[in-house]
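Overview (structure and organization)
In case you want the letters, here they are:
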Amino acid sequence: GQCSASCPEQSLQVKSEVELVKVAIRDPEKVVVFSTSPSVRVGLGDAFTDKPGTYVEGKMVAALKALGADYVFDVTFSADLTIIEEGCELLQRILTNSGPLPQFTSCCPAWVKFVETYYPDKLPHISSAKSPIGMQGATIKTYFAAKQGLDPRRIVTVNVTPCTAKKAEIRRPELNDAGELLGCPEMRDNDYVITTKELAQWMREEQVDFESLTDQDFDSLLGKGSGAGVIFGNTGGVMEAALRMAYRSLTGREADGKLLRFEDVRGMKGIKEASVEIGDATIRVAVIYGTANAAKFLEGDISRYHFVEVMTCPGGCISGAGQPQMNCIPVVDPIRVSRIGSMYAEDEKMTLRNSMDNPEIQRVYQEFYQKPLGELSEKLLHTVYHKR
Ligand code: SF4
């Protein structure tokens, strides 16, 4: 059932950013490109159905098209791109001592800000890879714009995310790399972030009938993700995706069953640890959610780890502050577990389970970025952090 009009969840909606997106949609000069984060497809349905965590990818795309999107792309594409860049950075740190270990993930802006504020001495440990939406925006305004013959200043990039912290992330002054490259530094890589909740509210206002929507596919070029990209929204998902990639890179072989269902890094425990043998090396990893757990971890001896994933929200982005509630019931662990399970089930159904096998990723490197950690990749796909 839908939330009733008296639901405080709804009255607290921040409208302004959605209103600006609507203005862009009405402007014939603008090309409005939506990108949806992995967790939106297991959260959006909670606003319209009674089954928590339902996988509603096709209806989500159809809803955005009904609301006026010119293109709908998938952030799972850039989650794969993140894995390639961040995974290569990790291997470089391990193999050539190019930076301190452990390497920490960088895709959660609330975690990055936490380190910038409270543990600035640990900033060199954070991967320089931008978050998936950071990579997506920069790639849309360069590669996609050039392929379509579009002036990138006409493109308005809108990310639909489970995350309220992403609204601030896209406004970080340094995230205008596409504009800098193209000589229009006032252009932002990403223009707007709207949350899953805001999308649900917008759909209600426009009377988009969720149940009767017919599934649609993402647009191509930046519309395809692997299973590894899908599970990014779960705690442990980035780790599992990175290890699949690292295993292939170091051994030349397919990841075995363990890395395709890596139970040690899955589930709702706040700090998880695991080690995996890759060739002759033993890679030690940890997966953490919540800043209290992260602080506890940072106060201990971190030197024995190679790679550490940190997300701020319990269970990962699936329970971000921008995700809807079902019937105004707070998002509790059984709901989180349903969303998490829905993503893992989708990963298992996919034939594409390793970011390196994603044909759209192979193509963007062939046609544009050339190679991971190369000159153009460093310019558009990596960033810097600041002590606050
Ligand atoms: Fe945003 Fe939470 Fe995901 Fe961090 S864990 S990126 S704060 S939704």
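The shown structure was predicted, so the numbers you read here are calculated from the model rather than taken from an experiment. (Residues numbered from 1 in each chain as written. Predicted model: local features only at pLDDT ≥ 70, side-chain atom pairs only at ≥ 80, totals over all residues.)

**Structural notes on the overall build of the chain**
When its secondary structure is counted, the chain shows 16 helices and 8 strands. A globule of 388 residues ought to have a C-alpha radius of gyration of about 21 Å, and the chain, at 20 Å, matches this closely. Along the first, second and third principal axes, the C-alpha atoms of the chain reach 55 × 50 × 45 Å. Within the chain, counting contacts between residues at least 6 apart in sequence, those at least 24 apart form 75% of the total. (Helix = DSSP H or I, 4+ residues; strand = E, 2+ residues; numbered from the N terminus. Rg over C-alpha atoms; globule rule 2.2 N^0.38 Å. Contact = placed C-beta atoms within 7 Å.)

**Description of the domain arrangement of the chain**
Accessible area lost upon the coming together of the parts serves often as the stated size of an interface. Per the domain assignment, the segments of the chain are domain 1 (8-77 + 131-225 + 360-381) and domain 2 (81-128 + 226-353). Between the C-alpha centres of domain 1 and domain 2 the distance comes to 22 Å. Across the boundary between the two partners, domain 1 contributes 35 residues, which contact 33 residues of domain 2. Counting residues per element, the ones that place at least two in the side of domain 1 that touches domain 2 are α4 (75-96), α6 (132-148), α7 (165-169), α9 (196-205) and α16 (375-381). Ranked by residue count, the leading element in the side of domain 1 that touches domain 2 is α7, at 4 residues. (Domains from an automatic or database assignment.)

**Examining the site of the ligand**
The environment of the ligand is made up of C108, A110, P162, C163, A165, M311, T312, C313, G316, C317 and G320. Taken together, the residues of the shell around the ligand sort by class into 8 nonpolar, 3 polar and no charged. In this structure, the shell around the ligand is formed jointly by two domains, domain 1 (8-77 + 131-225 + 360-381) and domain 2 (81-128 + 226-353), each of which donates at least three residues. (Near = placed C-beta within 6 Å. Nonpolar A, V, L, I, M, F, W, Y, C, P; charged D, E, K, R; others polar.)

**Focus: the packing of α4 against α6**
Contact geometry of α4 with α6 gives a least axis separation of 8 Å together with a crossing angle of 105°. Compared by their axis directions, α4 and α6 come out roughly perpendicular. Contact residues: V75, S78, A79, L81 and T82 in α4; P132, I133, M135, Q136 and T139 in α6. Tallied by class, the residues present in the contact of α4 with α6 amount to 6 nonpolar, 4 polar and no charged. (Axes fitted to C-alpha atoms, helices over the stretch in contact; angles between N-to-C directions. Parallel < 35°, antiparallel > 145°, perpendicular 65-115°, else oblique.)

**As for the nonpolar core**
Grouped together as the largest cluster of nonpolar side chains are 102 residues, with contacts concentrated most on V33, F34, V158, A242 and A246. Among the elements that line this core, the one with the most residues is α4, at 9 residues. The residues that make up this core include at least three from each of domain 1 (8-77 + 131-225 + 360-381) and domain 2 (81-128 + 226-353). Look past the residues within four positions of F34 in its chain and what remains in contact with it is L64, A69, V72, F73, V158 and V160. (Core = buried A, V, L, I, M, F, W, Y, C linked by C-beta atoms within 7 Å. Buried ≥ 20, exposed ≤ 12 C-beta atoms within 10 Å, placed from the backbone.)

**Notes on the confidence of the model for the chain**
Here the chain averages 93 in pLDDT, and 96% of its residues register 70 or above. In this model, residues 8-14 is a region of pLDDT below 50 whose contacts with residues beyond four sequence positions or in other chains number 8 contacts. Here the predicted complex carries an ipTM of 0.99, next to a pTM of 0.93. (pLDDT = per-residue confidence, 0-100.)

**Some remarks on helix α15 (residues 359-369)**
Within α15, the full set of buried residues consists of I361, V364 and Y369. Buried residues of α15, seen end-on, are gathered within an arc of 60° and therefore sit on one face of the element. In α15, those exposed residues whose orientation departs by more than 90 degrees from the buried face are P359, Q362, Q366 and E367. Each element contacted by the buried residues of α15 is listed here: α4, α6 and α16. Directly after α15, the chain includes Q370, whose backbone phi takes a positive value near 70°. (Arc of directions from axis to C-beta.)

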